[in-house]
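Chains, contacts and geometry: an overview
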Amino acid sequence: MIYTRIVGSGSFLPSTVVSNNDLAKDLLCRGIHTSDDWIVQRTGIKQRYVADVDVNTSHMAVESARMALIDSGIDASDIDLIIVATSTPDCVFPSTACVVQSKLNASRAAAFDLQAACSGFIYSLSTAESFICSGKAKNVLVIGAEKFSRILDWNDRSTCVLFGDGAGAFVLTASYDCGILSSCISSDGSISDILSVSGHFDRGNVNGCPFVRMDGQSVFKNAVYVLEESARAVCDKACVDINSINWFIPHQANIRIIKMLSRRLGISNDKFVITVDKHANTSAASIPLAFNVAKLDGRIKNGDLVLIQGVGGGFTWGSLLVRI
Ligand SMILES: CC(C)(COP(=O)(O)OP(=O)(O)OC[C@H]1O[C@@H](n2cnc3c(N)ncnc32)[C@H](O)[C@@H]1OP(=O)(O)O)[C@@H](O)C(=O)NCCC(=O)NCCS
């Protein structure tokens, strides 16, 4: 049996940290009121990283990929496929993945972007797994990279306080020992309007809204429901008792969603990796960023069973159970 194993991980955060107080002061200059208290109580977010104007998504993707490649010991020239999960590509085309391929000199690799909003990293891992298990690729680089600050309406306090920029990467390889045990990805396009960026180019104009728009309460309710359901589904698929999982890494959007999920699953909060306080919601980058924090601080070790989950625009969601 061939498994898809995570053999390296990396991450990148821009140098500018914006605390809730910094953001509140900035918004107040434009007559918009928010506070550290409101943001912390409703979301758990205390700060976010914001990329400078000249730092684009591919730059952050490349930095996180370099770190993951070093961690894996695999050379860029041995990568067969690069998938970049992003909703904020550098441009319409070429894909951000092709820019990354060139900057890494990963000359053998096929490269494409995958857009599934905040579920993009889970969708990409599941896609990489299919390539590896079918024998079409041996080594795959999966990156989640976002410059969400570009698509935020900084006059809309209900969304601009929630997101941040950053990137994270995994190197995956075929293994006979261990790796991804089960995965599932799902979508429900009938509720796409609860979270969207509807803007698009049309004959030289931008039609529709170029910013994130969200019905926060609908997103909240749907997120809790689908995360619980898909966590149970991947465990059932792999015949794994949910209590035997060492670490839960859900998409980092809101601490209240994560706490409600932990209550519903009957799993202690201590088993959940939390980075939303420091990174805010970095969309497709949130999972590899959180994974890398827990790996570097020694929580995630070889042999651990880890549940990774994404949810977001589309509406999309997915879960993946992996033995490290
Ligand atoms: C966005 C979210 C934090 C809002 O919390 P909420 O409890 O639903 O708050 P509401 O939208 O009902 O707004 C409550 C009040 O706070 C106000 N408010 C909204 N944003 C605010 C802010 N940044 N600061 C201060 N007040 C704010 C609203 O205007 C509203 O005021 P009103 O009662 O006078 O009309 C919450 O719905 C949420 O986290 N949803 C999920 C979002 C998410 O995870 N998205 C990404 C998924 S990938």
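Residues numbered from 1 in each chain as written. Predicted model: local features only at pLDDT ≥ 70, side-chain atom pairs only at ≥ 80, totals over all residues. Heavy atoms only, no water.

The test is simple: UniProt positions are given in the numbering used here, feature names are shortened, and annotations may be inferred rather than shown by experiment.
Per an unreviewed UniProt entry, the chain goes by Beta-ketoacyl-[acyl-carrier-protein] synthase III and derives from Candidatus Kinetoplastidibacterium blastocrithidiae TCC012E. Its UniProt record gives the chain a comment under Sequence similarities (unreviewed entry), which states: "Belongs to the thiolase-like superfamily. FabH family." The record held by UniProt for the chain lists under Subunit (unreviewed entry) the comment "Homodimer."

1. Re the site of the ligand
The cut-off we apply is this: Whether a residue is near a molecule or strand is decided by its heavy atoms; if any one of them lies within 4 Å of it, the residue is near. As used in this structure description, the phrase polar contact means that two N or O atoms lie within 3.5 Å; if the pair is within protein, one of them must be able to donate a hydrogen and the other to accept it, and residues adjacent in sequence are counted only when both atoms belong to side chains. The Shrake-Rupley method, run with a 1.4 Å probe sphere, supplies the accessible areas, and residue values consider only the shown protein chains as cover. Helix numbers and strand numbers start at the N terminus; a helix is a DSSP run of H or I with at least 4 residues, a strand a run of E with at least 2. An automatic or database domain assignment supplies the start and end points of every domain.
Near the ligand lie 23 residues; those nearest to it are Thr-34, Arg-42, Gly-216, Gln-217 and Asn-254. Note that a nitrogen atom of the ligand is positioned 2.7 Å from one of the side-chain N or O atoms of Thr-34. At 2.5 Å from an oxygen atom of the ligand is found a side-chain nitrogen or oxygen belonging to Asn-254. Alone, the ligand offers 960 Å² of accessible surface; in the complex the protein occludes 72% of this. Elements with a minimum of two residues in the shell around the ligand: helix H2 (36-43), helix H6 (157-160), helix H7 (216-237), helix H8 (255-265) and strand S14 (305-312). Looking at which element gives the most residues to the shell around the ligand, the answer is H7, with four residues. Formed jointly, the shell around the ligand draws a minimum of three residues from each of two domains, domain 1 (3-175) and domain 2 (180-323).

2. Notes on the sheet that holds strand S15 (residues 316-323)
Defined as follows: The pairing criterion for strands is at least two bridges between them, as found by DSSP. Between the N-to-C directions of two axes lies an angle of 0 to 180 degrees, each axis being a line fitted to C-alpha atoms and, for a helix, fitted only over the stretch in contact.
In spatial order, the strands read S8-S15-S14-S13; together these four strands make up an open sheet with mixed pairing. Each edge of the open sheet is held by one strand with a lone partner, namely strand S8 (180-187) and strand S13 (247-250). Sheet twist, expressed as the average angle between the axes of neighbouring strands with direction ignored, equals 10°. Relative to S15, S8 runs antiparallel, the two being bridged by seven bridges. The residue of S15 that forms the bridge with Ile-185 is Gly-318.

3. Thoughts on the UniProt feature "domain: Beta-ketoacyl-[acyl-carrier-protein] synthase III N-terminal" (unreviewed entry) in the chain
Feature annotation in UniProt places "domain: Beta-ketoacyl-[acyl-carrier-protein] synthase III N-terminal" (unreviewed entry) on residues 112-189, given in this structure's numbering. End C-alpha to end C-alpha, residues 112-189 measures 22 Å, and it is 23% helix and 37% strand.

4. Focus on the side chain of Thr-96
For clarity, the cut-off: Exposure is judged per residue with a 1.4 Å probe applied to protein chains only, and the accessible area is read against the type maximum: over 50% gives exposed, under 20% gives buried, and values in between give partly exposed. In what follows, residue pairs with any heavy atoms lying within 4.5 Å of each other are defined as contacts.
Tracing the chain through its elements places Thr-96 in helix H4 (residues 96-104). For Thr-96, a relative accessible area of 0% puts it in the buried group. Residues within four places of Thr-96 in sequence aside, it is in contact with Thr-57, Ser-58, Val-84, Thr-86, Pro-89, Asp-90 and Asp-113.

5. Here's the deal with the nonpolar core
As a reminder of what qualifies: The criterion is simple. A nonpolar core is a set of buried Ala, Val, Leu, Ile, Met, Phe, Trp, Tyr and Cys residues joined through side-chain atoms within 4.5 Å.
Core analysis: the largest hydrophobic core is formed by 46 residues, its most contacted members being Ile-245 and Phe-248. For this core, the secondary-structure elements that each account for two or more residues are helix H1 (20-28), H7, H8, S14 and S15. In terms of residues, this core owes the most to one element, H7, which gives nine residues. For this core, the two domains that each supply at least three residues are domain 1 (3-175) and domain 2 (180-323). Leave out the neighbours within four places in its chain, and Phe-248 touches Ile-242, Leu-265, Ile-267, Lys-271, Phe-272, Val-273 and Leu-307.

6. Digging into the packing of H7 against H8
Spelled out, the test is: Oblique is the label for any angle not under 35 degrees, not over 145, and not in the 65 to 115 range, which are roughly parallel, roughly antiparallel and roughly perpendicular in turn. Throughout, a crossing is termed right-handed when the near helix is turned clockwise from the far one, and left-handed when it is turned anticlockwise from it by less than a right angle. Gly is placed with the polar residues, together with every amino acid not listed as nonpolar (Ala, Val, Leu, Ile, Met, Phe, Trp, Tyr, Cys and Pro) or charged (Asp, Glu, Lys and Arg).
Contact geometry of H7 with H8 gives a least axis separation of 10 Å together with a crossing angle of 40°. By the criterion of interaxial angle, the relationship of H7 to H8 is oblique. Where H7 crosses over H8, the two elements pack in a sense that is right-handed. For the pair formed by H7 and H8, the contact residues are Phe-220, Ala-223, Val-224, Tyr-225, Leu-227, Glu-228, Ala-231 and Arg-232 on the first element and Arg-256, Ile-257, Met-260, Leu-261, Arg-264 and Leu-265 on the second. Partitioning the contact of H7 with H8 into residue classes produces 10 nonpolar, no polar and four charged.

7. Considering the packing of aromatic side chains
Aromatic ring pairs: the centre-centre distance and the angle between the two ring planes describe each pair. Inclusion rule: Pairing of aromatic rings covers Phe, Tyr and the six-membered ring of Trp, with a centre-to-centre limit of 6.5 Å; geometry is then stacked below 30 degrees between planes, edge-to-face above 60, and tilted otherwise.
Applying the stated criterion across every chain yields a total of five aromatic pairs. Where Phe-170 meets Phe-291, the ring centres are 4.8 Å apart and the plane angle is 65°; that geometry is what we call edge-to-face. On the criterion of sequence distance, the pair formed by Phe-170 in strand S7 (residues 166-175) and Phe-291 in helix H10 (residues 286-296) is long-range, its members being 121 residues apart. Of the residues examined, Phe-170 reaches a relative accessible area of 0% and is grouped as buried. With centroids separated by 4.9 Å and ring planes inclined at 20°, the aromatic side chains of Phe-248 and Phe-272 adopt a geometry described as stacked. Linking Phe-248 in strand S13 with Phe-272 in the loop between H8 and helix H9 (276-279), this pair joins segments that are 24 residues apart in sequence. Here Phe-248 falls in the buried class, since its relative accessible area comes to 1%.

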